[in-house]
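Residues per chain are reported as follows:
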Amino acid sequence: MAGRIAQLSLFVVAGLIGVLLVGQLRSQARPIELSNLSPQELSGLVETLQQRNVELTNALAELREQVRDYERAEVQGQSTLELTSEELTRVRAFAGLEPVVGQGIAIRMTGPFDPTAVNDLVHELRNAGAEAIAIDGIRITGRSVAVLGTSAIEIDGRPLDETVEVLAVGYPTGLQSSIERPGGLKTYLEQSLDVTMSIETRRNLRLPATERDLAPTVAEPVE
Amino acid sequence: MSRRLPPKRRFVRPQWAISIGVALAAIGFVGAAQWNSSLARQEFVTSAQRVLIGEAQDLQREQDDLRAQIEEAEDRVRSFQTTSAGSQAQLDQINSDLAEARLESGLVAVRGPGAVVEIADSTRQVPPGESVNNYLVLADDLRDIVTALWASGAEAITISGERLVSTSSIYSAGSAILVNTVPLVPPYRIEAVGPEGLHDRFLSNQAFVGRVGRRIESYGLQFASEPRDDLELPAFVGNTRMRWGAPETAAD
């Protein structure tokens, strides 16, 4: 009898420990839990999510318009070739395979910068909503990164000069203020690497297509 | 006549009683820890934060919904693109080019060999006076890992299921890390498809060995990686349309 009670007690106690331990581990896990963010951080997050949702809403509206175009073309017995060709050019531009024109900013960076500084700048511009980026005439694709080559910093196998010009298509004011914000990347690079940066907004940017072959060699599409 | 004393009763402590005693002590400890941590969290959530948290959660739900709708609309567009009243040969060619461009852009799910990397916050006790941020995975750590993987020949990368494309952003909002504006939680799992030797090249790449490699060693960030024979990476879902630019045309 005593043995049964012991077993039962152990069972109940082990169960309780299990439940409590899971709870404790969960509560110790690093929270994306929003309650751990400060009001300023939360405001920043809300602002970012709002901006991105507006972009997604616009993209959805354009996609629906595209669906309507195809539907109209079908009703009118027209070919969908033209519409699909436009889509092809758009997707290729997104990948960096087509030249792009538009407004945005031009950054001139001089000094002893390293590959990390160049990569951080690209990330900063993407965070600020850049739609296309080129550095010294080299179009930045999803796979482009700055590395230390044999004699210079290289991107996609092409060397950079000691002074580089970075062009970014996007909302000009937003891009500029993101780079120039107090304590932002410009301040950091100027103070830590003795880099000089000048930024100006431009209305007529032209970014070339990448010269890199983006066709994968081992990645296969999943049907 | 001497009275025989009853034999002295040996005090026997049953084994199960000891186990239960230890277990109850553990429950007490864990329960107290939970109680304390939940109290601490509640204390610091102000009403302003509560409003903002609600707003952020609503926006995240809205984003999930928008991404699902975009995926659905893209499926519809693709179904139109495979049928045409015009020349079938021309359409086949354009669709083949489009499929290639979508593959090169990250808009198609892919599979292949590669490497898996996992990184999570340190479990070390933060010494007094030191910044807790040193012991957490930062956006820079993920950027460095991704940079090292691209530089090592990766052809496709995801961070916790978010496919990286030409406009992908990785950034911090407080202690949260957002990739493609999706808030992610640790451990962060980075999967990369790429040619043979990707994993070894990654581990010796300067972008990895430099900043993030040092942080792993210095602060005990949890890290693991291994090569894989077969990985499947999802497609990017999100905005691919330009608002401030456009493909160059002959008129430009």
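Residues numbered from 1 in each chain as written. Chains lettered and ligands numbered in written order. Predicted model: local features only at pLDDT ≥ 70, side-chain atom pairs only at ≥ 80, totals over all residues.

Section: the overall build of chain B
Worth spelling out the cut-off: Each helix corresponds to a stretch of at least 4 residues labelled H or I by DSSP, and each strand to a stretch of at least 2 residues labelled E; elements are numbered beginning at the N terminus. Residue burial here comes from a neighbour count, namely the number of other C-beta atoms, placed from the backbone, that lie within 10 Å of the residue's own C-beta, with 20 or more meaning buried, 12 or fewer meaning exposed, and in between meaning partly exposed. Think of it this way: build a C-beta for each residue from its backbone, and any pair within 7 Å is a contact.
Per the secondary structure count, chain B includes six helices and nine strands. In chain B, buried positions account for 37% of the 252 residues. Long-range pairs, those at least 24 residues apart, make up 81% of the contacts in chain B with a sequence separation of at least 6.

Section: the pairing of strand β1 (residues 100-110) of chain A
Selection rule: Two strands are counted as paired when DSSP detects at least two bridges linking them.
Across ten bridges, the pairing between β1 of chain A and strand β8 (residues 196-207) of chain A is antiparallel. Bridge pairing in β8 of chain A places Met109 of chain A opposite Met197 of chain A. Across three bridges, the pairing between β1 of chain A and strand β9 (residues 245-247) of chain B is antiparallel. Residue Val100 of chain A lies in a different strand from β9 of chain B, and its bridge partner there is Pro247 of chain B.

A closer look at the interface of chain A and chain B
Rules: Amino acids are sorted into nonpolar (Ala, Val, Leu, Ile, Met, Phe, Trp, Tyr, Cys and Pro), charged (Asp, Glu, Lys and Arg) and polar (every other residue, Gly among them).
Contact with chain A, which involves 95 residues of that partner, is made by 101 residues of chain B. Of all the elements in the fold, those that place two or more residues in the side of chain A that touches chain B are α1 (2-28), α2 (39-75), α3 (81-95), β1, α4 (115-127), β4 (146-148) and β9 (220-221) of chain A. The residue makeup of the side of chain A that touches chain B, split by class, is 46 nonpolar, 34 polar and 15 charged.

Brief notes about the pairing of strand β2 (residues 132-135) of chain A
Residue and element names in this part refer to chain A. Here β2 shows two buried faces, one formed by Ala132 and Ala134 and the other by Ile133 and Ile135. Relative to strand β7 (residues 163-169), β2 is paired through four bridges, and the arrangement is antiparallel. Bridged to Ala132 within β7 is Val169. The loop that links β2 with its antiparallel partner strand β3 (residues 138-139) comprises two residues; one of these, Asp136, has a positive phi angle of about 50°.

What about the confidence of the model for chain A?
Quick reminder of the rule: As a per-residue measure, pLDDT tells how confident the predictor is, with possible values from 0 to 100.
Confidence in the prediction of chain A, expressed as mean pLDDT, is 86, and 85% of residues score 70 or more. pLDDT under 50 marks residues 25-31 of chain A. Its contacts with residues more than four places away, or in other chains, come to nine contacts.

Thoughts on the environment of Phe236 of chain B
Residues and elements named next belong to chain B. Mapped onto the fold, Phe236 is located in the loop between β8 (222-233) and β9. With 25 C-beta atoms packed within 10 Å, Phe236 lands in the buried category. C-alpha of Phe236 to C-alpha of Val137: the two residues are 99 residues apart in sequence and 23 Å apart in space. Phe236 has contacts with Gly106, Leu107, Arg163 and Val165, leaving out every residue within four places of it along the chain.

As for the nonpolar core
What counts, and what does not: For the purposes of this analysis, a nonpolar core is taken to be any set of buried Ala, Val, Leu, Ile, Met, Phe, Trp, Tyr and Cys residues that are connected through C-beta atoms within 7 Å.
Core analysis: the biggest nonpolar cluster contains 103 residues, and Ile133, Ile135, Val166 and Ala168 of chain A together with Ile145, Leu149 and Ala192 of chain B have the highest contact counts within it. Element by element, the count of residues in this core is highest for helix α4 (residues 139-151) of chain B, at seven residues. Filtering out sequence-adjacent residues up to four positions away, Val166 of chain A remains in contact with Ile107, Met109, Leu121, Ile133 and Ile135 of chain A. Ranked by size, the runner-up nonpolar core spans six residues in total, among them Leu56, Ala59 and Leu60 of chain A together with Leu66 of chain B.

As for the sheet that holds β4 of chain A
Residues and elements named next belong to chain A. With antiparallel pairing, three strands are arranged side by side in an open sheet as β4-β5-β6. What marks the edges here is a single partner per strand, and that holds for β4 and β6 (158-159). Sheet analysis places β4 next to strand β5 (residues 153-155), joined by three bridges and oriented antiparallel. The partner of Ala146 across the bridge, within β5, is Ile155.

Some thoughts on the packing of α4 of chain B against helix α6 (residues 206-219) of chain B
Residue and element names in this part refer to chain B. Put simply, the rule reads: Orientation is described by lines fitted to C-alpha atoms, with helices fitted over the stretch in contact, and by angles between N-to-C directions that extend from 0 to 180 degrees. Should an angle lie under 35 degrees it is considered roughly parallel, over 145 roughly antiparallel, and from 65 to 115 roughly perpendicular; all remaining angles are considered oblique. Crossing handedness is defined as follows: a turn of the near helix away from the far one that is anticlockwise and smaller than a right angle gives a left-handed crossing, while the clockwise case is right-handed.
Their axes nearest at 8 Å, the elements α4 and α6 cross at an angle of 155°. As summarised for this structure, α4 and α6 are arranged roughly antiparallel, according to the angle between their axes. Judged by the sense of rotation from one axis to the other, the crossing of α4 with α6 is left-handed. Across from Asp140, Asp141, Asp144, Ile145, Thr147, Ala148 and Ala151 in α4, the residues of α6 making contact are Ala207, Phe208, Arg211, Val212 and Arg215. Classifying every residue of the contact of α4 with α6 gives six nonpolar, one polar and five charged.

Quick look at the sheet that holds strand β6 (residues 182-184) of chain B
Residue and element names in this part refer to chain B. Spatially, β4-β5-β6 is the arrangement adopted by the three strands of the open sheet, whose pairing is antiparallel. The sheet is open, and its two borders are formed by β4 (170-173) and β6, each paired with just one other strand. For this sheet, the mean angle separating the axes of adjacent strands, direction not counted, is 40°. Here strand β5 (residues 176-179) runs beside β6; their pairing, made up of three bridges, is antiparallel. The residue of β6 that forms the bridge with Ile177 is Leu184.

A look at the packing of α3 of chain A against helix α3 (residues 88-105) of chain B
Contact geometry of α3 of chain A with α3 of chain B gives a least axis separation of 9 Å together with a crossing angle of 20°. Here α3 of chain B runs roughly parallel to α3 of chain A, going by the angle between their axes. Both α3 of chain A and α3 of chain B take part in a crossing whose hand is left-handed. Here α3 of chain A contributes Leu81, Thr84, Ser85, Glu87, Leu88, Val91, Arg92, Phe94 and Ala95 of chain A to the contact with α3 of chain B, which in turn contributes Gln90, Leu91, Ile94, Asn95, Asp97, Leu98, Ala101, Arg102, Glu104 and Ser105 of chain B.

Notes on α4 of chain A
The periodicity of an α-helix, 3.6 residues per turn, causes residues three or four places apart in sequence to face the same way. All names here are of chain A. Our working definition: The length a helix should cover is 1.5 Å for every residue beyond the first.
The first and last C-alpha atoms of α4 sit 18 Å apart over 13 residues, in line with the 18 Å expected at 1.5 Å per residue. Where burial is concerned, most of α4 is hidden: twelve out of the 13 residues are buried. Considered for burial, the residues of α4 that qualify are Pro115, Thr116, Ala117, Val118, Asn119, Asp120, Leu121, Val122, His123, Glu124, Leu125 and Arg126.

Details of unusual backbone geometry
Residue and element names in this part refer to chain B. Each neighbour pair has its own omega, and for Pro186 with Pro187 the value is 0°, a cis peptide bond. Counting through the fold element by element, Pro187 comes out in the loop between β6 and β7 (188-193). One non-glycine residue, Asn180, lies in the positive phi region at around 55°. Along the polypeptide, Asn180 turns up in the loop between β5 and β6.

Things to note about the confidence of the model for chain B
Residues and elements named next belong to chain B. For chain B, per-residue confidence averages 85 on the pLDDT scale, and 83% of positions sit at 70 or higher. Between residues 1-5, whose pLDDT stays under 50, and residues either more than four places distant or in other chains, the model counts zero contacts. For this predicted complex, the interface score ipTM comes out at 0.76, while the overall pTM is 0.75.

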